[in-house]
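What follows is each chain in one-letter form.
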Amino acid sequence: METGRAPVARTEATPAALSSSDARLRRRKAVDKAARWVIAAIASTAIAAVALIFVFLLREALPIFTSSTVHEEVTLGKMLFAQEWRTGEPPYHAWQPVSKVPKYSLLPLLVGTFKVAIIALLFAVPVSVLGAVFTSELAPRRVREFIKPAVELLAGIPSVVLGFFVLMVLATQVQDIFGFQYRLNAIVAGIGLGLTIIPVIFTLSEDALTAVPPSYREAAFALGASRTRTAWSVILPAASPGIFAAIVLGFGRAMGETMIVLMASGNAAILSWDPTLPVRTVPATIAAEMGEVVVGGPHWTVLFVLGVLLLGLTIAFNGLSGWYVRRLRAKLGGSA
Amino acid sequence: MIEAKRYRKSTIAFATLSGSGVVVILGCLALILVDIFVHGLPQLSWEFLTDSPRDGMTAGGIFPAIFGTVLLVLLMTAAVVPVGVITAVFLHEYASPDAWYARLIRSAVYNLAGIPSIVFGLFGLGFFIQFVGGRIDALFYGGQVVWGQPAIVWAALTLAVLTLPVVIVATEEALRTVPRENREAALALGSTPFEALWKVTLPQAGPGILTGAILAVSRGAGETAPILFTGAAYFLPHLPTHPTDQFMHLGYHVYVMATQSPDVEATKPILYGTVLVLLLVTAALNGLAVWIRYKLRRTNP
């Protein structure tokens, strides 16, 4: 380490200058060493953040198992299974936290969350994947350089603005055209959500398509395949794990999105798969109700349980998406 | 001949089908932008940008919301940029890519980027407000609630955690554009690794790092869900001057006016004006970041 420069300094320096330059070198090395440690320590913040998110969500959610005051109103069993809310009536699922008998059934919220996310996918997947195929396979360079920033612009629109647009403009238009009974329903909320996940699915699909090595394309052309045939039979199958990863990630995003569903879904916790009914999702429930609950009370605890559930679901979907990305890389021989 | 015709037909069909995807995306984008500009632009005036709301939000301006958003984002940037840049420096300059610790950090960043924004709101409430704020109050204020309540500092820190992956990813990309030789030249001239980083690598990666900071600001300015219960308020008579003050915010203003206004028609013009301002702020920042990045790519292919 030190041998490289020390001899040069020795031959030219007087003893006094030598000791001072030695001291400077030592100080510079000490600074270097300290910087290394400080940088490594600060780089751990991301790990600490994820750990703290888990710890503090669980900390506030845990009373669902342990607290007797919480158990007077709600238990995990009551959240999961249909309850006989009124004596003599058959048991059913209901989410009505603010009522004489608070009801905290998870099922209506879960069905609502998945329903809206699936509608969002039905809208966003065809549009984004087709768009990505066009952009990577057909579009001339200049068109591509216009499309990609436009998609980035869409990605940069705050979700509260999209929620506003769906609430004030789109919902009325859709109702005028299709005559739905409810202006705000799962379909319009799903379209709004679709707008937020289109950039995600488009960008990742486009990346996957361009990651297919040129040799695949050249081989197909050499065999006489048309552009169409090459795209459908060679490029798309080769990129399919990446496109699937994009869709899974988009689904995870759609489940966790808050502002659009909060503003444009009608927020009624109805247990039904009917897409024309208003719907209430897990994130919208947290956002709408957290402002008015007693700190540490049963309702507070339940909302943190919802948070833990949402966190678990999205981490699972992100993990699945990452797994498909690694499969894409393995498939394309590490060139992706 | 027949073959060639079929060829061309299938190509046209393919182009039409896949092109329709692009058309729908660009069409939606255009619809949204046109609607908001057409209704919002007449609202923009000096008075609207510098006045407080009056008459139950049906008149006046949105200055406190602009001020609150800017202050929030500045606090967030001060917290997130140093941490994000240093993390990226560690990952790209210090750790070997296969080291377990670097992989752990990468996995944490990846997961952090995927956590829904409302969960960050819960985290801010449970950790910053209840835990950190509550402890400060118990230790220094004898249990009197000063820090243990929604406040601009907690909202800013919550947003800083949320935007951390944005800064890290952009900074790493910026560091990748600095040629290996430049570092090696600095080391060969006798600088320590830290001096090479400080005097050669970081300055050269500067514009790319700036891009990351701008993207984080744009993202932070637009996020509403994490600040719903960590510090945003619908109306405040005073501007925030202390870290524990609450604040007004453009996104929150839009949310409340659009969903809880007793007379939507009366507040609609102001609502459109607010949406346009929010959109202009975030889009302008985004556009700036995209422009810098494209320029950088052109100069360092």
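Residues numbered from 1 in each chain as written. Chains lettered and ligands numbered in written order. Predicted model: local features only at pLDDT ≥ 70, side-chain atom pairs only at ≥ 80, totals over all residues.

Moving on: the domain arrangement of chain A. In terms of domain boundaries, chain A breaks down into domain 1 (6–43) and domain 2 (104–331). On a C-alpha basis, the centres of domain 1 of chain A and domain 2 of chain A stand 54 Å from each other. (Domains from an automatic or database assignment.)

Attention now moves to helix H9 (residues 250–260) of chain B. Counting buried residues in H9(B) gives 9 out of 11 residues, a clear majority hidden from the surface. Within the sequence span of H9(B), burial applies to B:Leu250, B:Gly251, B:Tyr252, B:His253, B:Val254, B:Tyr255, B:Val256, B:Met257 and B:Ala258. (Buried ≥ 20, exposed ≤ 12 C-beta atoms within 10 Å, placed from the backbone. Helix = DSSP H or I, 4+ residues; strand = E, 2+ residues; numbered from the N terminus.)

Between chain B and chain A, the contact holds 67 residues from the first and 73 residues from the second. When residues in the side of chain B that touches chain A are grouped by element, the largest group, 18 residues, is from helix H1 (residues 2–40) of chain B. Of the residues that constitute the side of chain B that touches chain A, the class distribution is 46 nonpolar, 20 polar and 1 charged. (Contact = placed C-beta atoms within 7 Å. Nonpolar A, V, L, I, M, F, W, Y, C, P; charged D, E, K, R; others polar.)

Moving on to the packing of helix H6 (residues 152–176) of chain B against helix H8 (residues 193–222) of chain B. Residue and element names in this part refer to chain B. Where H6 contacts H8, the axes come no closer than 8 Å and their chain directions differ by 150 degrees. By the criterion of interaxial angle, the relationship of H6 to H8 is roughly antiparallel. As H6 runs across H8, the sense of the crossing is right-handed. On the side of H6, the interface is formed by Leu159, Thr163, Val166, Val167, Ala170, Thr171, Glu173, Ala174 and Leu175, while H8 contributes Thr201, Ala205, Gly208, Ile209, Thr211, Gly212, Ala213, Leu215, Ala216, Arg219 and Gly220. Residue classes in the contact of H6 with H8 are distributed as 11 nonpolar, 7 polar and 2 charged. (Axes fitted to C-alpha atoms, helices over the stretch in contact; angles between N-to-C directions. Parallel < 35°, antiparallel > 145°, perpendicular 65-115°, else oblique. Left-handed = near helix turned anticlockwise from the far one by under 90°.)

Turning to its location among the elements, B:Thr177 is positioned in the loop between H6 and helix H7 (180–188). When the C-alpha atoms of B:Thr177 and B:Leu31 are compared, they prove to be 37 Å apart, with 146 residues separating the residues in sequence.

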